[in-house]
Amino acid sequence: MASRSRNVWRALMAEPLGVMGGVIVLSFVVMALFAPWIAPYDPLKIDVMHKFSGPSLAHWAGTDQLGRDLLSRIIYGARTALGVAMTATGVAGLAGILLGLIAGYGPRWLDSLLILCFDSMTSLPMIMFALAVITVLGPSTGTLILVIILVSIPGYARFIRAQTLSLVRSDFILAEKAMNASHWRVILLHLLPNVVGQLLVVLSMDIPVVIMLEAGLSYLSLGVKPPTPSWGNILYDGYVSLRQSPGMVIVAGIPLILATLGFTFLGEALRDALDPRLQLRTLT
Amino acid sequence: MSALYEVDNVSLDLAAPAAGLQRLLPGVAPRMTILSNLSLSVGQGEMLGLVGESGSGKSTLARAMMGLVDITSGSLRFEGQPVKTRSDFVKVRQGAALMFQDAVASLSPRRKVAAQVVEPFQINGVPLPEGPSTATAMLERVGLSPALAQRYPHELSGGQARRVSVARALALNPKLVIADEPTAGLDVSVQAEILNLMTGLRRDLGLSFLIITHNLAVVRHVTDRVAVLYLGRMAEWGPTRAVFSHPYHPYTKSLIAAEPQADPRKRRANLALKGEIPSVLARPPGCEFHTRCPIARPCCAAEEPAPRMITPDRMVRCHFAAETEQRISGGRHGTELEH
Amino acid sequence: MSETLLKVDDLSIAYASEQGALQALRHASLEARAGEAIGIVGESGCGKSTLASAMINLLASNARVTSGGVIFGGRDILSVSGEEKRRLRGRHIAMIFQDPMTSFNPVLTIGEQLVDFQDQREGLSKGEKRAEAAAMLKRVGIPDPERCLSRFVHELSGGMRQRAAIAAALLMTPEVLVADEPTTALDVTMEAQIIHLLRELRRDYNGAIVIVTHHLGLVGELCDRVYVMYAGEVVEEGSTEEVYHNPRHPYTQALIACDPAHLHDHAPVLPTIPGRLPDLVTPPMGCSFAGRCARATGHCRSVAPAHVEVSPRHFARCHFAQRNEARS
């Protein structure tokens, strides 16, 4: 695998937008991991005396309506955003792989049954579904993650199923069967490696969508509960106090935009780099 | 020569792509016959050629022999044992190997050559005969550099990929190798190399080969016997030399006549066979070849010809085989196709 | 001798690659004359596809012309640009590909496309263009042209697709028709039918046909002249009759010997060409076939042979061309 990962790396590095995306994503990850060391203040520390202070040397991004340091809240918000997005897409991706492989490789009736489930799931209006679940379970970060997982599984599973179906009829799978390969071997050694790469790309491009969703639901007070710092919460606070401090909305918007761009660039570059045939073309 | 793999009276039907409401009515859905009452046997240490145009069912037969598609009726026997159940096919797949037409596509795209050639051992729980260097030894046996072991399938040339699939086919010391178009898409000199490799293996290891191809030149040089398939039915079979020098079936004759000549002095004035192989969905009644046959008469459309044994080792299915036989034994070689 | 329509003159083409400039074509020259069919044969990597793409000016973006050119109508077509280039291609020089699927758009009917291909013809109504298309389909042996016009390319069989592609290429009555492996994807019977068709077309069409293939049989059946290529060079050229029966270059001799179709008896061991193509990033300074040639001497390895005329219009790029005896 070494030479191959090196090739992928090289192809990735050859793409300037990919490099940029990588750098952005990496800085957010560093921000999230080392938030306590990077953030200049405690994000929850209230200092009403200095509320709505604009950017200053003491508070680079200013403070909010309770005088909390915005930069620190953004840095801790990255933790929430990436934590929610990565957990949710990760779990949904794994479930999608499992269900998609079963649907694509398994017997026809099971495929039909699973497709029926996926379709009924996708036919529910997402916001209504989210509202229903949140009403039952109460708004919290956990509920938010659960909702995101539930709504994203059908898409991933369908994606994996479609890829599996096209691979199942290919010669190399038939060749495996002609050598007596068991179903497990076919699935784990030959189907999985060929579908997982493409899904990784989809997942990395979905992370910004989930970050947006988390921000959106938190903005609607249905997601991460205040005072936990989340970009959505900051955006909401900024919206409420738009008159007093118009800068807050912008400050909360920038990381959202950056994260979206970063993950999208990285995902696109990853898609090109992971395709061995595409790689060959760039080399010859 | 005793039979290694016998295919006896095998038929294979598939559900035809049904239109609209037809699909909902069970029993009404049309079936298409891919193989029909096909009999064939590969002898021990024999090289048998199976020829026919695309759509004649050659590849389907190969897959049915390996249990990759189910036959509708008839029977299969491998080494004298009937092959019916899943566990029978497990045994067949240990004693016989299938090489696919598209060698690159038959290798798993994200695994290295080294991992792929030793797969038959791992799958069938056989210890690697030469330990960790087995892959290298296997590649060397088919004339490949061990350095190729570290490559991915898409990094191989057509000839190299073909050799890798030969190496993998030989892993478990099979008795039979079924090779589907082993030379398709290769340069002439590489074609010759692959054929030499196969004939060498047969000589050294006593392997049997079933070579499926539409390239008559390949069949002519390396096979002992040849079987001609048309629209899922056997048209003719017999010793290669005899079939090529005196084809009885007009289809065999046309195939031989259609072969391009690499010699401008032997240019044919007219190229025999008109039209295309019919679809299995619209199988002609009677003799299925009558729609393109240069010697067809009204009875051909009405009646199916019965298999006829010209000699104990030659079969032909044509109403006029007897006439052709007379002509051949009378010393006049069938020339009606050339005019 | 008829008029020369297309002339490749001392053409060299290199591709940019990671290892350096890959010299895919080196000083190749050929002529396609009116009413003549020429064949370009060779194995993978010999440069025949590069030569074919140069003839229709469809070179890959990393290709660079390092010497010579392709002369058509008194001009080097490799130096024209844009609209002019498009006009030449199709109108004057047309191409048939190995996979006819690539010549047609999958979402338009054959008829719509055949009408579109005539967009450079003036003074014809749409109906007339359609009638022209139907006539051309009939001409290439499609039994029910009207029905074929309303079909999509995936609904046709392989043989019919290739016929339709030939019809599309001929619609604009091009002076030069380049066919790249036109029968490789077909069965032996369909191949024979296409050969037959091309042969018939040749008879009444006064353009030049260029067949690019690795298949000696196809050239033998169809072509008047043949150019044998090896490692980017034309190593032998002459009338098909001369080259097939009196080959003077050891590569041509070996190629003919190892073609299974050439042998008529059961041959358990077929001749091969041992060795490998030389690296074209740093082509050998001597003869490019020296590494695989049984007759090669030190001289062969150090001095590149000239294109020797062994008999009128029969050339071979070999130091021993005069002495290499005819074998058959």
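In this text, all values refer to a predicted model and were calculated from it rather than measured experimentally.

A. Inspection of the overall build of chain B at higher detail. Helix and strand counts for chain B stand at 12 helices and 12 strands. Computed over its C-alpha atoms, the radius of gyration of chain B comes to 21 Å, within 12% of the 20 Å expected for a compact globule of 339 residues. Put simply, of all contacts in chain B between residues at least 6 apart along the chain, 64% involve residues at least 24 apart.

B. Inspection of the environment of proline 255 of chain A at higher detail. Position of proline 255 of chain A relative to the elements: it lies in helix H11 (residues 247-274). When the C-alpha atoms of proline 255 of chain A and alanine 92 of chain A are compared, they prove to be 24 Å apart, with 163 residues separating the residues in sequence.

C. Layout of the pairing of strand E9 (residues 225-230) of chain C. Residues and elements named next belong to chain C. Judged by how many residues are buried, E9 sits mostly within the fold: six of six residues are covered. In E9, alternate side chains face the same way, and those of Arg225, Tyr227 and Met229 on one face and Val226, Val228 and Tyr230 on the other are all buried. Across four bridges, strand E3 (residues 37-41) lies against E9 in parallel orientation. Note that in E9 the partner of glycine 39 across the bridge is valine 226. The pairing of E9 with strand E10 (residues 233-239) spans six bridges and is classified as antiparallel. Looking at the pairing, methionine 229 lines up with valine 234 of E10. Hairpin connection of E9 to E10: two residues between the antiparallel strands, including alanine 231 at a positive phi of 50 degrees.

D. Quick look at the sheet that holds strand E2 (residues 20-33) of chain C. All names here are of chain C. An order of E2-E1-E4-E5 is seen for the four strands of this open sheet, with the pairing classed as antiparallel. Each having just a single partner strand, E2 and strand E5 (75-76) make up the two edges of the open sheet. Strand direction decides the pairing type here: strand E4 (residues 63-72) and E5, joined by two bridges, are antiparallel. Bridged to isoleucine 71 within E5 is aspartate 76.

E. Broad picture of the domain arrangement of chain B. All names here are of chain B. For chain B, the domain assignment lists domain 1 (3-245) and domain 2 (247-339). Put simply, the middle of domain 1 and the middle of domain 2, counted by C-alpha atoms, are 27 Å apart. Of the residues lining the interface, 24 residues belong to domain 1; the matching set on domain 2 comes to 20 residues. When residues of the side of domain 1 that touches domain 2 are traced back to their parent elements, those giving at least two are strand E2 (31-43), helix H8 (216-222), strand E9 (225-230), strand E10 (233-239) and helix H9 (240-245). Of the residues forming the side of domain 1 that touches domain 2, the biggest block, seven residues, is contributed by E10. Looking at the side of domain 1 that touches domain 2 residue by residue, the class counts come to 16 nonpolar, five polar and three charged.

F. Here's a closer look at the interface of chain C and chain B. Across the boundary between the two partners, chain C contributes 37 residues, which contact 32 residues of chain B. The biggest single contributor to the side of chain C that touches chain B is helix H7 (residues 188-204) of chain C, with seven residues.

G. Looking closely at the packing of helix H2 (residues 16-33) of chain A against H11 of chain A. Residue and element names in this part refer to chain A. Running from N to C, H2 and H11 point in directions that differ by 130 degrees, and their axes come no closer than 7 Å. With respect to H11, the element H2 is oriented oblique. Crossing angle aside, the handedness with which H2 passes H11 is left-handed. When H2 is examined against H11, the residues Leu17, Gly18, Met20, Gly21, Gly22, Ile24, Val25 and Phe28 are found in contact with a partner set consisting of Leu258, Ala259, Leu261, Gly262, Phe263, Thr264, Phe265, Leu266 and Ala269.

Cut-offs and rules
- Residues numbered from 1 in each chain as written.
- Chains lettered and ligands numbered in written order.
- Predicted model: local features only at pLDDT ≥ 70, side-chain atom pairs only at ≥ 80, totals over all residues.
- Helix = DSSP H or I, 4+ residues; strand = E, 2+ residues; numbered from the N terminus.
- Rg over C-alpha atoms; globule rule 2.2 N^0.38 Å.
- Contact = placed C-beta atoms within 7 Å.
- Buried ≥ 20, exposed ≤ 12 C-beta atoms within 10 Å, placed from the backbone.
- Pairing = 2+ DSSP bridges.
- Domains from an automatic or database assignment.
- Nonpolar A, V, L, I, M, F, W, Y, C, P; charged D, E, K, R; others polar.
- Axes fitted to C-alpha atoms, helices over the stretch in contact; angles between N-to-C directions.
- Parallel < 35°, antiparallel > 145°, perpendicular 65-115°, else oblique.
- Left-handed = near helix turned anticlockwise from the far one by under 90°.

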